[in-house]
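# Inside the fold
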Amino acid sequence: CTPDGSGGYGCTYTPVDIDCGLDGRVCVSGGVCSHTLQAVRAAADGAFTPPRNVRDLFVTYVRPAGAADNGFYAQEAPTGPGLFFPTGTAAPTVAAGNTISVTIDRVASFHGRKQAASFAIDENDGLTPSVAPWVQNLSAGGAVDESTESELVRVAGATLEGGTGTTWTIAYGASGATTVVFAGFDSLVPAPCVGMVLDVQAPAGEYDGLYELTAFADGDFSGLDASGCAADDDSNLDFESWGVSVDPPEDFLKTP
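Residues numbered from 1 in each chain as written. Predicted model: local features only at pLDDT ≥ 70, side-chain atom pairs only at ≥ 80, totals over all residues. Heavy atoms only, no water.

## Section: the nonpolar core
Counted only if it meets this: The term nonpolar core refers to a set of buried residues drawn from Ala, Val, Leu, Ile, Met, Phe, Trp, Tyr and Cys, joined through side-chain atoms within 4.5 Å. Exposure classes here rest on a 1.4 Å probe applied to the protein chains alone. A residue is buried below 20% of its type maximum, exposed above 50%, and partly exposed in between. Only DSSP runs of H or I reaching four residues or more are called helices, and only runs of E reaching two or more are called strands; each is numbered from the N terminus. Note on definitions: a residue-residue contact is assigned when non-hydrogen atoms from the two residues lie within 4.5 Å.
Counting 23 residues, the largest nonpolar core has V155, I170, Y172, F185, L213 and F221 as the members making the most contacts within it. Taken together, the elements giving at least two residues each to this core come down to strand 11 (152–164), strand 12 (167–172) and strand 14 (197–207). Contacts of I170, omitting those with residues within four sequence positions, involve V155, A158, T159, L160, G176, A177, T178 and V180. Counting 17 residues, the second largest nonpolar core, distinct from the first, contains L57, V59, V102 and V107.

See the structure below:
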């Protein structure tokens, strides 16, 4: 810096071009080099040397707080790619709609799903706009597969085709079909049944090569319509007879 002759100082810097492509980065807003999320997803499991800085990720979904397995999902663009950021027993410090920049030190795969195993959040704009523009809408058909892993997916007008407990299969659109996993299926009102029509908006996941939608809250489901479900068949409920108590039971033989 040198005096400018009027009591102030002027500073002159010679512009320097930085080649972001030398280590696989791209130039983002503000002339900053950043790695792409796709490059992070494509990397082999393990530590990055140096760590990967990824800017301008949009948080699409935050798992409800639980005792463990907390975390959030973020995407680079409305069409993906996406990545899961686990936070373990700690509640995430982000909200859906935030735009963040992160430094990722290590990636790992959990039953096939790529995730940021070690990371730090460098920037957070704190804003919470609607996530709707970032949702992959597969209602007309389309596969839940590797290309949508960890992205927020919506399927409207899906039909439950079968399932029990935490896992049900759905059909949607012209030819779409996938599995929906949700620990709270038993508490849904109305209860899930074959023929039910519903809307699902949840992160796409993978477990040992099987791709699925993984829901974490009742709010991930809407428009539940059980009018198409078959009525319960109780026509053989009187088949068994509980009124006779003999030892041994009829047609059984006791032997030493």
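## Comments concerning the packing of aromatic side chains
Two aromatic rings, taken as a pair, are described by how far apart their centres are and by the angle between their planes. Note the threshold: Any pair of Phe, Tyr and Trp rings, taking the six-membered ring for Trp, is counted once the centres come within 6.5 Å. Such a pair is stacked with planes under 30 degrees apart, edge-to-face with planes over 60 apart, and tilted for the rest.
Inspection of the entire model under this criterion finds 11 aromatic pairs. Residues Y73 and F84 carry aromatic rings whose centres are separated by 4.7 Å and whose planes lie at 40° to one another, so their mutual orientation is tilted. Pair noted here: Y73 is in strand 6 (residues 70–75) and F84 is in strand 7 (residues 82–88), with a separation of 11 residues, a long-range link. A ring pair is formed by F185 and F221, whose centres lie 5.5 Å apart and whose planes are at 50°; its orientation type is tilted. Taken together, the residues span a long stretch of sequence, with F185 in the loop between strand 13 (176–181) and strand 14 and F221 in strand 16 (residues 221–225) at a distance of 36 residues.

## A look at the pairing of strand 9 (residues 113–124)
Heads up, the condition is: When DSSP finds two or more bridges between two strands, those strands count as paired.
In the sheet, strand 8 (residues 99–110) pairs with strand 9 via 10 bridges, with the strands oriented antiparallel. By the bridge assignment for strand 9, V102 is matched with I121.

## Some words on the confidence of the model for the chain
For clarity, the threshold we go by: Confidence of the predictor at the level of single residues is captured by pLDDT, which takes values from 0 to 100.
This prediction gives the chain a mean pLDDT of 89; 88% of its residues lie at or above 70. When pLDDT is averaged over each helix and strand of the chain, the minimum, 69, is found for strand 3 (residues 25–28) and the maximum, 98, for strand 6.

## Looking at the pairing of strand 11
Relative to strand 11, strand 10 (residues 136–137) runs parallel, the two being bridged by 2 bridges. By the bridge assignment, Q136 is partnered in strand 11 with V153. The sheet contact formed by strand 11 and strand 14 spans 6 bridges and is antiparallel. In the strand pairing of strand 14, A158 is matched with L198. Here 5 bridges tie strand 11 to strand 12, and the two strands are oriented antiparallel to one another. Within the sheet, the bridge partner assigned to G163 lies in strand 12 and is W168. Between strand 11 and the antiparallel strand that follows it, strand 12, lie 2 residues; G165 among them carries a positive phi value of about 60°.

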